[in-house]
Amino acid sequence: MTDRWREALADLADLVLPARCVGCVRGGALIRGLCPACVTELEALSPGAVRPHPAPAGLPPTCALGGYEGALRGAVLAYKEQGRHRLAGPLGALLAEVVAAAVEAPGAGGPAGPVLLVPVPSTARAARARHGDHLARLARHAVRRLRRAGRPALLARPLRARPRADSAGLGGAARAASAAHAFAPHPLRLPAARRRAADAAAVVVLDDVITTGATLAAVTRALGEAGIEVAAAAVLAATRRRRPPGPPAAGAWRRRSEFVPTGRDPGMTGAGPEG
């Protein structure tokens, strides 16, 4: 585990409520705000390629830090839904680790030159409810962490989100339909974003959780239509597909430590809280 990774985990532990573990929401003996089990769980995570099955057309190669469960799920929910905004720093730092892995993947553009990060935009309603665009906040921290690590990074927000219904509880087809026209170019920000993209080694779209991949595919499509080519996507967590009872299929994803290269993991994602 890298020093940056250890530093990010320490930041995460320092910023949680002292009486409860952010990973499992239990009290008891804590190690800098995290229970020993959650510390072990977070330390075991490393970015890996994920792919929903079936994958929507236009979904770029995607890396995730881990599965949307356990300590990682608790941290994401605490930040996103419970107003724990100070978690943006450590979560953004962990997202930077995923970005680094995404741009080092084959075909992602390589590490030479700056990486341009484009967070999935929040709707106005979601931003009001969360006291700001939660992904843009994560992206700013990720840019700072990448720069401190010696990797040039820039941020652009060339899209705006059109009003739409919450995707929670929607199936794959409904999510795809909702996301299809959910994003549009931001006329004031697009020209600068195009210039930055032209000088970037890779453009990486950011999201917090991937489920069906519909949101990332729609953002990638909207950026492409605006003249910005996406190389990869980076997310904090990927949900597991709900399966009927019975033995798991060969190669089914069961624990984060069992991530395998893209194309060999057909059961990674499915119904869940995000796109």
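Rules and cut-offs
- Residues numbered from 1 in each chain as written.
- Predicted model: local features only at pLDDT ≥ 70, side-chain atom pairs only at ≥ 80, totals over all residues.
- Heavy atoms only, no water.
- Pairing = 2+ DSSP bridges.
- Helix = DSSP H or I, 4+ residues; strand = E, 2+ residues; numbered from the N terminus.
- Axes fitted to C-alpha atoms, helices over the stretch in contact; angles between N-to-C directions.
- Contact = heavy atoms within 4.5 Å.
- pLDDT = per-residue confidence, 0-100.
- Buried < 20%, exposed > 50% of the residue type's maximum accessible area, 1.4 Å probe, protein only.

What holds strands together in a sheet is hydrogen bonding between their backbones, with the strands either parallel or antiparallel. Ordered in space as E1-E2-E8-E7-E3-E4, the six strands form an open sheet in which the pairing is mixed. Two strands close off the open sheet at either side, each with one partner strand: strand E1 (48-50) and strand E4 (153-155). Across the sheet, the mean angle separating the axes of adjacent strands is 35 degrees when strand polarity is ignored. Sitting on the sheet, helix H8 (residues 190-199) touches strand E3 (115-119), E4 and strand E7 (202-210), and the angle it makes with E3 is about 140 degrees. Of the strands in this sheet, strand E2 (62-67), E3, E7 and strand E8 (232-238) are in contact with helix H9 (residues 214-225), which crosses E7 at around 155 degrees.

Attention now goes to the confidence of the model for the chain. Chain-level pLDDT for the chain is 77 on average; 67% of the residues reach the 70-or-more range. A low-confidence stretch, residues 243-274 (pLDDT under 50), is modelled with 86 contacts involving residues beyond four sequence positions or located in other chains.

Here the focus is the pairing of E8. Burial analysis of E8 places seven of its seven residues in the buried class, the great majority of the element. As paired elements, E2 and E8 share five bridges and run parallel to each other. Paired with Thr62 across the two strands is Ala233, which belongs to E8. Judged from the six bridges that link them, E7 and E8 form a sheet pairing that is parallel. Its bridge partner being in E8, Ile210 is matched across the sheet by Ala238.

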